[in-house]
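# Chain and residue survey
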Amino acid sequence: MFQTYRDPVLRRKLNKLNKQINKLDQKIKTDVFTNELLIVNATHGTVWKFVTPFKKKTKNIPYLNGPGGIANTDLEKANFLAESLETQFTLSNITNPDSEELVADSTMRFRTKANSVCKDFDPSLPSEVLDCIKSLRINKTPGIDGINNKMIINLPLHTILTITTIIHKIMTLGHFPTRWKTATVVPISKPGKDATDTTSYRPVSLLPSLSKINEHLTLKRLNNYLKENNVPCPEKFRFREKLSTSHQLIRVVECVTEGFANKQKTGAESL
């Protein structure tokens, strides 16, 4: 009916019904998945039947040409791609001794009073962790731990409490687990490029979803701290809430327009 009459009241009812349907659909999927987990048993082979659909078919990489010859095995291909990516992403040497000394001194002073600094952050709450988990997308590929988002969404409450404790310890101790910052790098072929050339692949880094939950909560507290203490300058738009590239472009246009109106010249410097 909304498509015919375009009535705003019907539109609101339509949106409400769509939300109810989506919520019911998600509940049905969750219940089905829970029932499947309950009947899984290693003794009569239902484990393999349950796990098989989670295995996605991957497109095999053909032989690769490299400085060392031709790579045919998976190990040789991985080494060729690793060498190529290492060459492409090697940072230029732009270090400055004075800057390095300043950073080292600031880091040392921060570590000596890290305990008092970390106390300024509110501890993570189970409700916050639960909200992060609910916002996870099921179709995302898991990281090196193999724990996908569907598993995390169906975790019991006591496991949520354990994750909350781990995140709280990370914030108070200032130690981030190495396992959580280890990424699985997957090469993706660029469209229209020679598949046998190592430079025709771009890397995609897959981090564990649990580390992303921790990063989300930490970022939330850092942003609140920066906002309360007016640390970011007003001209900084990147990685700030409700400020995007479009807003920055509007600001530039306003500056130029104001310059024209006042018969002034407007200069811009791009770095």
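Going by an unreviewed UniProt entry, the protein chain carries the name RNA-directed DNA polymerase from mobile element jockey and comes from Araneus ventricosus.

Before going further, it helps to examine the pattern of salt bridges. Enumeration over the complete set of coordinates arrives at four salt bridges. Across the salt bridge formed by lysine 29 and aspartate 25, the nearest N and O atoms sit 3.5 Å from each other. Of this pair, lysine 29 and aspartate 25 both sit in helix 2 (residues 8–39), four residues apart, roughly one helical turn. Given the relative accessible area of 38%, aspartate 25 is considered partly exposed. One continuous salt-bridge network, built from bridges that share partners, spans Glu128, Lys220 and Arg221.

A separate point is the packing of helix 7 (residues 126–134) against helix 10 (residues 209–228). Running from amino to carboxyl end, helix 7 crosses helix 10 at an angle of 120 degrees, the nearest separation of the two axes being 10 Å. Comparing the axis directions of helix 7 and helix 10 gives the class oblique. As for the relative orientation of helix 7 and helix 10, their crossing is right-handed in sense. Contacts between helix 7 and helix 10 pair Glu128, Val129, Cys132 and Ile133 from the former with Ile213, His216, Leu217, Lys220 and Arg221 from the latter. A per-class count over the contact of helix 7 with helix 10 returns five nonpolar, one polar and three charged.

The subject of this paragraph is a nonpolar patch on the surface. A cluster of nonpolar side chains, contributed by Leu24, Ile28 and Val32, occupies part of the molecular surface with about 260 Å² of accessible area. Looking at where valine 32 falls in the secondary structure, it is placed in helix 2. On the basis of relative accessible area, valine 32 is assigned to the partly exposed category, the value being 42%.

In this section: the packing of aromatic side chains. Both the distance between ring centres and the angle between the ring planes are used here to describe each pair of aromatic rings. Counted under the stated rule, the structure contains one aromatic pair. With a centroid separation of 6.3 Å and an interplanar angle of 65 degrees, the aromatic rings of phenylalanine 176 and tryptophan 180 are classed as edge-to-face.

A few words now on the environment of threonine 162. Along the chain, threonine 162 turns up in helix 9 (residues 157–173). Along the chain, threonine 162 and proline 126 lie 36 residues apart, while their C-alpha atoms are 9.1 Å from each other. For threonine 162, the side chain forms a polar contact with the main-chain oxygen of histidine 158, separated by 3.0 Å.

In this model helix 4 (residues 74–88) runs 21 Å from its N-terminal to its C-terminal C-alpha over 15 residues, within 8% of the 21 Å that 1.5 Å per residue would give. Considered for burial, the residues of helix 4 that qualify are Lys77, Phe80, Leu81, Ser84 and Leu85. Buried residues in helix 4, looked at end-on, bunch into an arc of 130 degrees, giving them a common side. Facing away from the buried side of helix 4 by over 90 degrees, the exposed positions are Leu75, Glu86 and Thr87.

Before going further, it helps to spend a moment on the nonpolar core. Judged by nonpolar contacts, the single largest core of 13 residues is most densely connected at Val129, Ile133, Ile167, Leu210, Ile213 and Leu217. Looking at this core, the elements with two or more residues in it are helix 7, helix 9 and helix 10. The element best represented in this core is helix 9, accounting for five residues.

Another point: the side chain of asparagine 214. Take asparagine 214: it is sitting in helix 10. Leaving out residues up to four positions away in the same chain, asparagine 214 has contacts with Ile167, Ile170, Phe176 and Trp180.

With that settled, the discussion passes to unusual backbone geometry. We note that asparagine 230 has phi near 50 degrees; this positive angle belongs to a residue other than glycine. Considering the arrangement of structural elements, one finds asparagine 230 in the loop between helix 10 and helix 11 (245–261). Classification of asparagine 230 by relative accessible area gives exposed; the value is 66%. Its identity as a non-glycine residue notwithstanding, lysine 263 has a phi of 55 degrees, on the positive side. Relative to the helices and strands, lysine 263 is located in the segment after helix 11.

Definitions and limits used
Residues numbered from 1 in each chain as written. Predicted model: local features only at pLDDT ≥ 70, side-chain atom pairs only at ≥ 80, totals over all residues. Heavy atoms only, no water. Salt bridge = Lys/Arg side-chain N within 4 Å of Asp/Glu carboxyl O. Helix = DSSP H or I, 4+ residues; strand = E, 2+ residues; numbered from the N terminus. Buried < 20%, exposed > 50% of the residue type's maximum accessible area, 1.4 Å probe, protein only. Axes fitted to C-alpha atoms, helices over the stretch in contact; angles between N-to-C directions. Parallel < 35°, antiparallel > 145°, perpendicular 65-115°, else oblique. Left-handed = near helix turned anticlockwise from the far one by under 90°. Contact = heavy atoms within 4.5 Å. Nonpolar A, V, L, I, M, F, W, Y, C, P; charged D, E, K, R; others polar. Patch = residues over 30% accessible without salt bridge, like charges linked within 9 Å, V, L, I, M, F, W, Y side chains within 5 Å. Areas by Shrake-Rupley, 256 points an atom, 1.4 Å probe, with all protein chains shown as cover. Phe/Tyr/Trp six-rings, centres within 6.5 Å; stacked < 30°, edge-to-face > 60°. Polar contact = N/O pair within 3.5 Å; in protein donor to acceptor, adjacent residues only side chain to side chain. Expected span 1.5 Å × (residues − 1). Arc of directions from axis to C-beta. Core = buried A, V, L, I, M, F, W, Y, C linked by side-chain atoms within 4.5 Å.

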